[in-house]
Amino acid sequence: MKNKLILSCLCVIFAASNTKIKAQKMSKSNTTPIAKIIPKTLEKHGEKRLDNYFWLNDREDPEVIDYLNQENTYYDAMTSDTKGFQKELYEEMKSRIKEDDQSVPYLYNGYYYITRFETGKGYPIYSRKKASLSAAEEILFNCNELAEGHSYFQLGGLSISPDNKFVSFGTDIMGRRIYTIQIKNLETGELLTEKIENATGSSVWANDNKTIFYTRQDEVTLRSDKVFKHKLATDAADDVLVFNEKDDTFNVSVGKEKSKKYIVIASGSTLTTEYRTLNSDMPDGEFKVFQPRVRGLEYSISHFGDSFYIITNKDKATNFKLMKTPENATAKENWKDVISHRKDVLLEDIEIFRNYLVVEERSNGLNHIRIMPWNGEGEYYLPFGSETYSANTTTNVDFDTDILRYSYQSLATPSSVIDFNMKTKEKEIKKEQQVLGGTFDKNNYVEERVWVTATDGTKVPISMVYHKGLKKDGNNPTLLYGYGSYGVTMDAYFSSTRLSILDRGFVFAIAHIRGGEDLGREWYEDGKLLKKKNTFTDFIDCSKFLIKEKYTSPKHLYAEGGSAGGLLMGAVVNMAPELYNGVIAQVPFVDVITTMLDDTIPLTTGEYDEWGNPNEKKSYDYMLSYSPYDNVKAQNYPNMFVSTGLHDSQVQYWEPAKWVAKLRTQKTNDTVLYLNTNMDAGHGGASGRFEALKELAKEFSFLLDLEGIKN
């Protein structure tokens, strides 16, 4: 869930004051949408809450659609003078992107696989070449053709049969992440007649080239809960259920080991995992439990040779450790340490090769890639000089190679794909992201990492980037981004779109707040459940630091977050609205209590270990104390831009809709408040790489307009 952020060109002119801008805005329209009030009393634990906008959670109600359309019309009217600027920003961002671009090819089972884009086209083309990059191109899918006639289109879950003759794939045309799986004959180009509906989109082939395993979702909650087996040229209605996850706090997925020997079913909740394995040569056999679930025991498995390697928190290994077990004795009592637990190093992932074990670690908030020869001689780390970078292994599908493929980028350095020879230590940059236009030079920007002392004394890092020549006089517009949930790490990353605000004088900063896993597992544990408020106070303390150190001031500070980061935005504007001139909340999770009490809503029950179960009084009271919707009150609020998608399956559209409706009646100042609903999209926003830029242009124009920057 990495957020896409900002972009480029020209000098900064700080024009009209915010007061004047607000007055102009207010005079443009007197048709501010006011949602009707239908009081509904919600009762739990003997306590009553009044929800005046509960009625908005029925997308089939024409009045609901009418209200959302009114909000969109209001947004369009109030921002009519920025439409030209939005188009300029869109074209500017688009002009930096190499349109006729392609991925670095990778070799898998005798074919080089490539994803490419053509000039003027918004969707990818998936292709392959047999044995050599000079061979004729075989187009698997041209998504530009498949997307015709659809306002939203997403292709996913491509899986090639072992004999290279078939590909299974999923398509979503609504944005709710509900896919239809189909199978294509790659020799004839024909689609097989069977269609598998209501699937997650991903599937995996057994070694017989005629059996696939896939996951389906509960039709109401959209929880991935069932694994089915399908045989080629048979009716999907006859597919065999091979596993049903009945615990509604768990989700399931199915995949295949890099060794190709095992099909693996993974069941996981926030705190617990469980795996089942099946020999890929015997698709009609029975899956075997690897290690039965034990609440609080997390593990993941990788097969190599006659063993499995296990990343786990067993034995109170908070930051995880690496263990090993024979493939015929997989219960936890057989696991032996390979890399012991370290209190100050988070073990994130491994990559196995014939002669090397590659370990992805995190310490002091930074990525590290460790190369460990199996013979025990001369282990080392890849050198990274910056403190505002991210580096990760990428596509490594072959055991029998000394080449490790990884990616590297920083806030000011475009992303590179690098092939590194682990034996000779030579590296080859296979591709560096091109930034077109001829004006970008990474040496024009300063990258910085600073540490903030939070209210409870904890040191919280901020990564930031800005144009050279910055003066710390409090007048710099600054966008502070945060997420802070699910243990998701917000690594520093490059964005060509971000240049459009950096080159107009903005500072861009990432607050690495608790609730993420940026500084290890404890960082996550200290920002969830009954410690969730640490996430919000960390962000507020980071904001105060930027103001105190005169990077910016409340007149020029902006905050942004999406999804669970939208919850963060909702909490901080209730707690410290005076710190911000503007806030962007993308698909925000803001109606915490009502959502978490409704187990028919997708993702709800599986979230109890993240937020708490409000059916328990202690959790209910704590969640209610910060739930953004429930804590809206009569006070001044910053300027706000709120976005959502009508078909969002993760954060339902009615959460931001209700929130904005309540804010309109409660806020005591004349700041702007916009709700913009994409009536065709879901949680990820618009499909197609260029349509997404139009949504970014709306956000950037919101920020720049508040700063009086018109071009």
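Check the entry above for the structure.
This is a predicted model, so every value here is computed, not measured.

A.B. asks: Any chance you could explain the side chain of glutamate 448 here in plain terms?
C.D. replies: Mapped onto the secondary structure, glutamate 448 falls in strand 30 (residues 445-453). Here glutamate 448 occupies a buried position and makes no salt bridge, while the nearest side chain of opposite charge, lysine 472, is found at 4.5 Å. A polar contact of 2.7 Å, which involves the side chain of glutamate 448, links it to the side chain of tyrosine 466. One polar contact links glutamate 448 to tyrosine 551, side chain to side chain, over a distance of 2.9 Å.

A.B. asks: Any chance you could explain the nonpolar core here in plain terms?
C.D. replies: Note that soluble globular proteins tend to have their nonpolar side chains buried in a common cluster. Ranked by size, the top nonpolar core spans 110 residues in total, and within it Leu68, Phe539, Tyr580 and Trp659 carry the most contacts. Per element, the largest residue contribution to this core is eight residues, and it comes from helix 13 (residues 691-706). Filtering out sequence-adjacent residues up to four positions away, phenylalanine 539 remains in contact with Leu480, Tyr481, Gly482, Ala511, Ile513, Ala559, Leu568, Met569, Val572 and Tyr580. The next biggest cluster of nonpolar side chains, apart from the first, holds 17 residues, and it includes Ile371, Ala391, Leu404 and Ile418.

A.B. asks: Quick question: what am I supposed to make of the environment of alanine 35 here?
C.D. replies: By secondary structure assignment, the location of alanine 35 is in the loop between helix 1 (18-28) and strand 1 (40-44). Expressed as a C-alpha distance, the spacing of alanine 35 and alanine 391, which sit 356 residues apart in the sequence, is 47 Å. Apart from residues lying up to four places away in sequence, alanine 35 is in contact with Tyr53, Trp55, Tyr67 and Ala661.

A.B. asks: Mind showing me how you'd approach the sheet that holds strand 27 (residues 403-410) here?
C.D. replies: In a beta sheet, neighbouring strands pair by backbone hydrogen bonds and run either parallel or antiparallel. Taking strand neighbours across the sheet as the criterion, the four strands line up as 26-27-28-29 in an open arrangement whose pairing is antiparallel. Of all strands in the sheet, those with a lone pairing partner are strand 26 (389-393) and strand 29 (427-432), marking the two edges. Strand after strand, the sheet turns through a mean of 25 degrees between neighbouring axes, direction not considered. Across five bridges, strand 28 (residues 416-421) lies against strand 29 in antiparallel orientation. Within the sheet, the bridge partner assigned to phenylalanine 420 lies in strand 29 and is lysine 427.

A.B. asks: Can you help me understand helix 7 (residues 533-548) in this one?
C.D. replies: Residues spaced three or four apart along an α-helix face the same direction, because each turn holds 3.6 residues. For helix 7, spanning 16 residues, the distance from its first C-alpha to its last is 22 Å, which sits close to the expected 22 Å at 1.5 Å a residue. Two residues or fewer after helix 7 comes lysine 550, characterised by a positive phi angle close to 65 degrees.

A.B. asks: What is the right way to look at the packing of helix 2 (residues 62-78) against helix 12 (residues 654-666) in this model?
C.D. replies: Angle between the axes and distance between the axes: these two values describe a pair of packed helices. Viewed as axis vectors pointing N to C, helix 2 and helix 12 meet at an angle of 65 degrees, and their least axial separation amounts to 12 Å. Between helix 2 and helix 12 lies a crossing of left-handed hand. Residues Tyr67, Leu68, Glu71 and Tyr74 of helix 2 form the contact with helix 12, whose participating residues are Ala657, Val660, Ala661 and Arg664. Per-class residue counts for the contact of helix 2 with helix 12 are six nonpolar, no polar and two charged.

A.B. asks: What am I meant to see in the pattern of salt bridges here?
C.D. replies: Two side chains that carry opposite charge are able to pair once their charged atoms sit near each other. Counted by the stated rule, this structure contains 49 salt bridges. Between aspartate 225 and lysine 226 there is a salt bridge whose closest N-O contact spans 3.0 Å. When its relative accessible area of 4% is taken as the criterion, aspartate 225 is described as buried. Where glutamate 361 meets arginine 342, a salt bridge forms, and the shortest distance between an N and an O atom there is 3.0 Å. Placement of glutamate 361 in strand 23 (residues 356-363) and of arginine 342 in the loop between strand 21 (336-339) and strand 22 (346-352) is noted, with a sequence separation of 19 residues between them. Note on glutamate 361: relative accessible area 3%, which makes it buried. If you follow the salt bridges from partner to partner, you end up with Glu88, Glu92, Arg96 and Arg504 in one network.

A.B. asks: What should I look at first to understand the side chain of asparagine 613 in this one?
C.D. replies: Structurally, asparagine 613 is set in the loop between helix 10 (608-611) and helix 11 (617-626). Asparagine 613 sits in the buried class, given a relative accessible area of 17%. Side chain to side chain, asparagine 613 and asparagine 615 meet in a polar contact 2.8 Å long. Once you skip the residues sitting within four places of it in the chain, asparagine 613 turns out to touch Tyr608, Ser619 and Tyr620.

What counts, and at which threshold
Residues numbered from 1 in each chain as written. Predicted model: local features only at pLDDT ≥ 70, side-chain atom pairs only at ≥ 80, totals over all residues. Heavy atoms only, no water. Helix = DSSP H or I, 4+ residues; strand = E, 2+ residues; numbered from the N terminus. Buried < 20%, exposed > 50% of the residue type's maximum accessible area, 1.4 Å probe, protein only. Lys, Arg positive; Asp, Glu negative; His and termini not counted. Salt bridge = Lys/Arg side-chain N within 4 Å of Asp/Glu carboxyl O. Polar contact = N/O pair within 3.5 Å; in protein donor to acceptor, adjacent residues only side chain to side chain. Core = buried A, V, L, I, M, F, W, Y, C linked by side-chain atoms within 4.5 Å. Contact = heavy atoms within 4.5 Å. Pairing = 2+ DSSP bridges. Axes fitted to C-alpha atoms, helices over the stretch in contact; angles between N-to-C directions. Expected span 1.5 Å × (residues − 1). Left-handed = near helix turned anticlockwise from the far one by under 90°. Nonpolar A, V, L, I, M, F, W, Y, C, P; charged D, E, K, R; others polar.

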